[in-house]
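Per-entry structural report
As a plain string of letters, each chain reads:
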Amino acid sequence: MKTAICDDEKEFRKILLNHINSYFEQRGIDFECYEFSSGEALLSQNQNFDIVFLDIELGDSNGIDIAKQIQQKNKNTIILIVTSYHQYLDAAMDLKVTRYIDKPVTQNRIYAALDKALSEINENIITLHMKDRRVIRVKQSDIVYVEAKLKKVTVYTFDKEYVIKESLKELHDILTAAYFAVPHSSYIVNLNYVRDFKRDEFSLDKPYENEKIYVATRKQAEFKRKFLDFIGEDLSYE
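Reading the values: the criteria
- Residues numbered from 1 in each chain as written.
- Predicted model: local features only at pLDDT ≥ 70, side-chain atom pairs only at ≥ 80, totals over all residues.
- Heavy atoms only, no water.
- Helix = DSSP H or I, 4+ residues; strand = E, 2+ residues; numbered from the N terminus.
- Buried < 20%, exposed > 50% of the residue type's maximum accessible area, 1.4 Å probe, protein only.
- Areas by Shrake-Rupley, 256 points an atom, 1.4 Å probe, with all protein chains shown as cover.
- Core = buried A, V, L, I, M, F, W, Y, C linked by side-chain atoms within 4.5 Å.
- Contact = heavy atoms within 4.5 Å.
- Phe/Tyr/Trp six-rings, centres within 6.5 Å; stacked < 30°, edge-to-face > 60°.
- Lys NZ or Arg CZ within 6 Å of the ring centre and 35° of its normal.
- Salt bridge = Lys/Arg side-chain N within 4 Å of Asp/Glu carboxyl O.
- Expected span 1.5 Å × (residues − 1).
- Arc of directions from axis to C-beta.
- Pairing = 2+ DSSP bridges.
- Axes fitted to C-alpha atoms, helices over the stretch in contact; angles between N-to-C directions.

Quick look at the overall build of the chain now. Scanning the chain from terminus to terminus reveals 7 helices and 15 strands. Within the chain, the fraction of its 238 residues that count as buried is 45%. Accessible surface, the chain: about 13,300 Å² in total, of which carbon and sulfur atoms supply 45%.

As structure tokens, this is what we get:
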């Protein structure tokens, strides 16, 4: 579990770090925690964090802008806003923030926030069994698409491929999030990764930009309706 604290007050970072250490040690969870005194330093790191404690008013930047950039970099990062400046909360409501924590912080508040964060992380993770007998845990939101072909089922994530024992039907029952759709009896697709859509086919974002997935004739009306509902726009396709 990778966590980060971004706050320009050194003493506060120390207090927060002590609470985080105690929380994960009590629960026997392996973790790493990184400290940053500025939003610029946090964003410059070439790594993704599972949880970020973020001050809303930083010396060099606005925490709202930093939070937006964190979410653009990795939509799965859990952001916990820590602030004593309530005038920023209206702007923060537009962000996907798991919890707002008032300063000065207490152990109970930090523990409650981490409980909520871990709950969200675990809800998004599924367990799959591979053909080579390994068991893997994958974030649902990281799955780009699933394909059943030549008697094998392959799960394609952003950076890896997994040939699994589960059937496509079993995955239908597991992948119930609103962003999953079925364009064809051999596919399950994450709509977050659909780049463009025609009536009978669509393309995916990188790294699968060369992949064309066809929409079965009997699925076209349903798939189009779900796609338009998902993006929230009333578009027409020839």
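We now examine the nonpolar core. Within the largest apolar cluster, 22 residues are counted, with the highest numbers of intra-cluster contacts made by Ile20, Ile51, Phe53, Ile101, Ile110 and Leu114. Listing elements by their share of this core, those giving two or more residues are α1 (10-26), β3 (51-55), β4 (78-83) and α5 (107-123). The element that contributes the greatest number of residues to this core is α5, accounting for 7 residues. Beyond its immediate stretch of four places on either side in the chain, Ile110 contacts Leu16, His19, Ile20, Phe53, Ile101 and Val105.

This brings us to the packing of aromatic side chains. Per the counting criterion, the structure on display carries 13 aromatic pairs. Where Tyr34 meets Phe49, the ring centres are 5.5 Å apart and the plane angle is 65 degrees; that geometry is what we call edge-to-face. Of this pair, Tyr34 sits in strand β2 (residues 32-36) while Phe49 sits in the loop between α2 (39-43) and β3; the two residues are 15 residues apart in sequence, bridging distant segments of the chain. Relative accessible area serves as the criterion here: at 24%, Tyr34 is assigned to the partly exposed category. For the pair Tyr179 and Phe180, a centre-to-centre distance of 4.8 Å together with 50 degrees between the ring planes defines the contact as tilted. Neither residue differs from the other here; Tyr179 and Phe180 are each classed as buried. Here the aromatic residues Tyr23, Phe24, Phe31 and Tyr111 are joined through ring pairs into a cluster of three or more. Lying across the ring of Phe12, Lys103 places its NZ or CZ 4.4 Å from the centre.

Once that is clear, we can look at the pattern of salt bridges. Using the criterion set out here, one finds 9 salt bridges in the structure. Linking Asp50 and Lys139 is a salt bridge whose minimum nitrogen-to-oxygen distance equals 3.8 Å. Taken together, the positions of Asp50 in the loop between α2 and β3 and Lys139 in strand β7 (residues 135-139) put the pair 89 residues apart, joining distant regions of the chain. Given a relative accessible area of 21%, Asp50 falls into the partly exposed group. One salt-bridge network, in which partners are shared between bridges, spans Asp7, Glu9, Asp55 and Lys103.

Another point: helix α7 (residues 220-231). Spanning 12 residues, α7 covers 17 Å between terminal C-alpha atoms, matching the ideal 16 Å at 1.5 Å per step. What α7 keeps buried is the set Gln220, Phe223, Phe227 and Leu228. Each buried residue of α7 sits inside an arc of 130 degrees when the element is viewed along its axis, so together they form one side. Seen from the open side of α7, the exposed residues pointing more than 90 degrees away from its buried face are Ala221 and Asp229. Close packing links the buried residues of α7 with β11 (180-184), β13 (194-197) and β14 (201-204).

With antiparallel pairing, the 3 strands of this open sheet are ordered in space as β13-β14-β15. On the outer flanks of this sheet lie β13 and β15 (212-214), each paired with one strand and no other. Along the sheet, successive strands turn relative to each other by an average axial angle of 30 degrees, direction set aside. With 3 bridges joining them, β14 and β15 adopt antiparallel strand pairing. Counterpart to Glu201 in the pairing with β15 is Tyr214.

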